[in-house]
Amino acid sequence: MDINRAIEVLELFRKVFPDMTVNQVLTFLYISRNGSIPQKSLEQELNVSGAAASRNVNFWVDNPMFQGVNVGFVRRIDDYSDRRHKIIALNERGKMLAQAIREA
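Residues numbered from 1 in each chain as written. Predicted model: local features only at pLDDT ≥ 70, side-chain atom pairs only at ≥ 80, totals over all residues. Heavy atoms only, no water.

Overview of the sheet that holds strand β1 (residues 36-38)
- Ordered in space as β1-β3-β2, the three strands form an open sheet in which the pairing is antiparallel. With one partner strand each, in any of the chains shown, β1 and β2 (74-79) form the two edges of the open sheet. With direction set aside, neighbouring strand axes in the sheet form an average angle of 30 degrees.
- Where β2 and strand β3 (residues 82-90) come together, six bridges link them in antiparallel fashion. Note on β3: the bridge partner recorded for I77 is I87.
- Strand contacts of helix α3 (residues 39-46): β1, β2 and β3, with the helix running at about 85 degrees to β1, the strand carrying the most contacts. (Pairing = 2+ DSSP bridges. Helix = DSSP H or I, 4+ residues; strand = E, 2+ residues; numbered from the N terminus. Axes fitted to C-alpha atoms, helices over the stretch in contact; angles between N-to-C directions. Contact = heavy atoms within 4.5 Å.)

The structure is reproduced here in structure tokens:
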């Protein structure tokens, strides 16, 4: 990706959420790239603590607790092999945003 493309993508996010952090953007992009990802893997990919990963995911989930924002682009589901773990995936609205980013 060239620098102009990176700027275009970041501008798309900024238009929707002007106060979004870089880690929140990266969280969405990693989930988008992987389709679905265990939250534990997201922590490792972003090199952040479990608490930080959870805050970043909460920004995007359907009923987030992050500053009362109701974004609703990502869903969190139980990992059926171990219910203590969560799988993070885009919902339909998130898939539409990911597609808009790819087309920009």
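Anyway, onward from the coordinates.
Examining the nonpolar core
- The biggest cluster of nonpolar side chains holds 25 residues, and the ones touching the most others in it are F13, F28, W60 and V74.
- For this core, the elements supplying multiple residues, two or more each, are α1 (3-16), α2 (22-34), α3, α4 (50-60), β3 and α5 (92-103).
- Ranked by residues supplied to this core, first place goes to α4 with five residues.
- The contacts of F28, once residues within four sequence positions are left out, are F13, W60, F73, V74, L90, G94, L97, A98 and I101. (Core = buried A, V, L, I, M, F, W, Y, C linked by side-chain atoms within 4.5 Å. Buried < 20%, exposed > 50% of the residue type's maximum accessible area, 1.4 Å probe, protein only.)

Regarding a nonpolar patch on the surface
- A contiguous nonpolar patch, built from V22, L26 and L29 and spanning about 230 Å² of accessible area, is present on the exposed surface.
- Inspection of the secondary structure puts V22 in helix α2. (Patch = residues over 30% accessible without salt bridge, like charges linked within 9 Å, V, L, I, M, F, W, Y side chains within 5 Å. Areas by Shrake-Rupley, 256 points an atom, 1.4 Å probe, with all protein chains shown as cover. Salt bridge = Lys/Arg side-chain N within 4 Å of Asp/Glu carboxyl O.)

Overview of the side chain of E43
- Within the secondary structure layout, E43 lies in helix α3.
- Looking at E43, the relative accessible area reads 13%, which means it is buried.
- In this view, E43 contacts V48, S49, G50 and A53; residues no more than four positions away in its chain are not counted.

Examining the environment of G94
- By the secondary structure assignment, G94 is in helix α5.
- Here the alpha-carbon distance between G94 and G72, two residues 22 residues apart in the chain, equals 7.6 Å.
- Not counting residues up to four positions away in its chain, the partners in contact with G94 are F28 and F73.

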